[in-house]
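Structural features, examined
Here is how the chains run, residue by residue.
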Amino acid sequence: MKKNQNNFLGCALLSIILLICVACNSNSTVKNLEVISIQENLVVLDTLVIKIPDSVAALPTYLVYDLILDDDSNRFVGYNPQSHSLDIFDLANQEYIRTIPLQKQGPDEIPSIVALSLGSKDDVYLLGDNEIQLVDITNGMIIWKYNINGKRSLSDDLANYQIFTPDNQGFFFHQESKKIFAVGYHNDINSCTPEFFGKENKLVVEIDYSKDSVSEKLLNITYPKTATKSYQSFLQYPYLRTSGDGILISFPFSESVYLFNLADRSYQSLLETNNEQNGIPFADCQSPEAQFEHLFNSIHFGSVLSLNSHKLYVRPVWTPKQGEPGSFNKLFRIYNSTFSSSKEIEGNWDFMPQAVQSDGEHIYMPMLDNAKGIINEDSFYLIKLGII
């Protein structure tokens, strides 16, 4: 299947801005959200420092990763693009465990990794450009693989559907249902049109598989109604996060939050606001200049993360600094359980919005290489935040 060429432009620009921001307006009125004093605060509880052996191509941070922290496991699995491998760490003992090389060529090739999700402490689902693989991280063996761009026996509504996400927040394995969920789009609809952002373009596919068969089903998850007004470039792809027996859906260009209930298949709004980017006029959507201007002057909303034990939600946010294109204030917003109130938390931290994760109890973010000048190249740093 052929990808829409505008998606490549947006993702290329996103890669550039991430590099610039590591090295280096929108005045909206919120509706239906009262900004009041929430008593809880989000603070740094610990910084985990794990020494990496000389044999591993060390990274200052991992943008594609997942973690499991429970009574049985404290695993962190991150994709290392320098060595095209998976680096595995024990967070409880702050130790490096092993590296799993991935194949760039051959029958089990997966040339690039755009997202991953742990199925258990011993296996991980990998999303590449053409394939999903389930890999045993104890020995590197491939348990199952599925060609997402090959010839599939699909229903009419999936015939032109392309599984695609530019970052780690649009793909995950749902532990309760044992199914895979991934962001995608209809590649027969031009993304430079209001139709792409309309109600006919379903954004999430559910993949149910066994050893012998795979079935795909489109979920009735669509863009907010206001999204048809303009082109959002690299900010257009939704975030997916698990929330009990449902899926939390949010968008990089909007503060609104939605929930898809897997039991009754309902799609409901948890928070609807007009705190949303204006985007790029559809007539200018292929202009690199317009995309860069949008990139440098937009609020970047991260994925909504559940802190179940506190009955709170946390969301990382980048807000552009006035008069400093490409520079952002980096903060977190805490929401109560009904999204009726919020609180902003600022701190002396640095993070990528798409690289912040939660285990349901705490927030985790890899430390960037320019943070406070304390990074050692032979160590991996993971910041642990919690509610007090």
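Everything below is about the structure printed above this text.
Reference entry: report on the structure contained in this document. Just so you know, the residues in each chain are numbered from 1, in the order the chain's sequence is written. Thresholds applied to this predicted model are a pLDDT of at least 70 for local features of residues and 80 or more for the giving and counting of side-chain atom pairs; totals over whole chains, interfaces and linings are not thresholded and use all residues. For side-chain calculations, the full set of non-hydrogen atoms in the structure is used, while hydrogens and water are omitted.

Side note on the overall build of the chain
- The way it works is that DSSP assigns letters per residue, a run of H or I at least four long becomes a helix, a run of E at least two long becomes a strand, and they are numbered from the N terminus. Scanning the chain for helices and strands turns up two helices and 27 strands.
- Residue exposure (1.4 Å probe, protein chains only): buried if accessible area is under 20% of the type maximum, exposed if over 50%, otherwise partly exposed. Looking at the 388 residues of the chain, the share that counts as buried comes to 56%.
- When the accessible surface of the chain is totalled, it reaches about 16,600 Å², and 47% of it is carbon and sulfur. Accessible surface area values rest on a Shrake-Rupley calculation with a 1.4 Å probe, where residue burial reflects the displayed protein chains alone.

Quick notes on the sheet that holds strand 7 (residues 115–118)
- Pairing between strands is defined by DSSP: at least two bridges between the two strands are required. Strand order in this open sheet of four strands is 7-8-9-10, and the pairing throughout is antiparallel. Unpaired on one side and paired on the other, strand 7 and strand 10 (142–147) mark the two borders of the sheet. For this sheet, the mean inter-axis angle between neighbouring strands, taken without regard to orientation, is 15°.
- As paired elements, strand 8 (residues 123–127) and strand 9 (residues 131–136) share five bridges and run antiparallel to each other. When the bridges of strand 9 are listed, Leu127 appears paired with Ile132. Axes here refer to lines fitted to C-alpha atoms; in helices the fit is confined to the stretch in contact. Angles between the N-to-C directions go from 0 to 180 degrees.

Comments concerning the pattern of salt bridges
- The term salt bridge refers to a side-chain nitrogen of Lys or Arg lying within 4 Å of a carboxyl oxygen of Asp or Glu. For the structure shown, the criterion picks out seven salt bridges.
- Among the ionic pairs, Asp122 bridges to Arg75, the shortest N-O distance being 4.0 Å. Of the two residues, Asp122 sits in the loop between strand 7 and strand 8 while Arg75 sits in strand 4 (residues 74–80), which places them 47 residues apart along the sequence.
- Taking relative accessible area as the criterion, Arg75 reaches 17% and is therefore assigned buried.
- Ionic pairing is found between Asp108 and Lys145, a salt bridge with its closest N-O pair at 2.8 Å. Here the residue Asp108 occupies a position in the loop between strand 6 (95–101) and strand 7, and Lys145 occupies one in strand 10, the gap between them amounting to 37 residues.
- Taken together, the shared-partner salt bridges in this structure form one network comprising Lys179, Glu206 and Arg265.

Some thoughts on the nonpolar core
- The definition of a nonpolar core used throughout is a set of buried Ala, Val, Leu, Ile, Met, Phe, Trp, Tyr and Cys residues joined through side-chain atoms within 4.5 Å. Residues Leu42, Phe76, Phe332 and Ile363 are the most contacted members of the largest nonpolar core, which totals 38 residues.
- Where this core is concerned, the elements lending two or more residues are strand 2 (42–51), strand 3 (65–69), strand 21 (305–307), strand 22 (312–320), strand 23 (328–335), strand 26 (363–366) and strand 27 (379–387).
- When residues in this core are grouped by element, the largest group, six residues, is from strand 27.

Concerning unusual backbone geometry
- Backbone geometry at Ser233 places phi at a positive 55°, although glycine is not the residue there.
- Relative to the assigned elements, Ser233 resides in the loop between strand 15 (214–219) and strand 16 (239–243).
- One non-glycine residue, Phe339, lies in positive phi territory at about 60°.
- Looking at where Phe339 falls in the secondary structure, it is placed in the loop between strand 23 and strand 24 (341–346).
- Note on Phe339: relative accessible area 2%, which makes it buried.

Regarding the sheet that holds strand 6
- Spatially, 3-4-5-6 is the arrangement adopted by the four strands of the open sheet, whose pairing is antiparallel. The sheet terminates laterally at strand 3 and strand 6, the two strands that pair on one side only. Recorded for the sheet is a direction-independent mean angle of 15° between the axes of neighbouring strands.
- One ladder, built from six bridges, connects strand 4 with strand 5 (residues 85–90); its direction is antiparallel. Across the sheet, the residue bridging to Phe76 is Phe89, located in strand 5.

So, the side chain of Lys343
- With respect to the element layout, Lys343 can be found in strand 24.
- When charges are tallied, Lys and Arg are placed among the positive residues and Asp and Glu among the negative ones, while His and the ends of the chain are skipped. Buried charge Lys343 goes without a salt bridge, the closest partner of opposite sign being Glu40 at 6.8 Å.
- Pairs of N or O atoms are called polar contacts if they sit within 3.5 Å, as long as, within protein, a hydrogen donor faces a hydrogen acceptor (for residues adjacent in sequence, only side-chain-to-side-chain pairs). A polar contact of 3.1 Å, which involves the side chain of Lys343, links it to the backbone oxygen of Glu40.
- Polar contacts involving the side chain of Lys343 include one to the side chain of Asn41, which spans 2.9 Å.

Overview of the environment of Ile334
- Residue position: Ile334 is located in strand 23.
- Sequence separation between Ile334 and Leu307 is 27 residues, and the spatial gap between their C-alpha atoms is 9.9 Å.
- Here a residue-residue contact requires only that any non-hydrogen atoms of the pair lie within 4.5 Å. Contact partners of Ile334, with chain neighbours within four places excluded, come to Ile38, Glu40, Asn41, Leu42, Leu312, Tyr313, Val314, Ser341, Ser342, Lys343, Ile345 and Ile387.

Digging into the packing of aromatic side chains
- Two rings from Phe, Tyr or Trp (for Trp, the six-membered ring) form a pair when their centres are within 6.5 Å of each other. A pair whose planes differ by under 30 degrees is stacked, one over 60 is edge-to-face, and the rest are tilted. According to the stated counting rule, one finds 32 aromatic pairs in the structure shown.
- Taken together, a centroid distance of 4.8 Å and an interplanar angle of 20° make the contact between Tyr65 and Phe76 stacked. Here Tyr65, found in strand 3, pairs with Phe76, found in strand 4; they are eleven residues apart in sequence, far enough to count as distant. The same class applies to Tyr65 and to Phe76, which are both buried.
- With a centroid separation of 6.4 Å and 35° between ring planes, the pair formed by Tyr223 and Phe253 is classed as tilted. Separated by 30 residues along the polypeptide, Tyr223 in the loop between strand 15 and strand 16 and Phe253 in the loop between strand 17 (246–251) and strand 18 (254–261) bring together distant segments of the chain. Both residues of the pair, Tyr223 and Phe253, count as buried.

Geometric descriptors of this kind do not, in isolation, establish any biological role.
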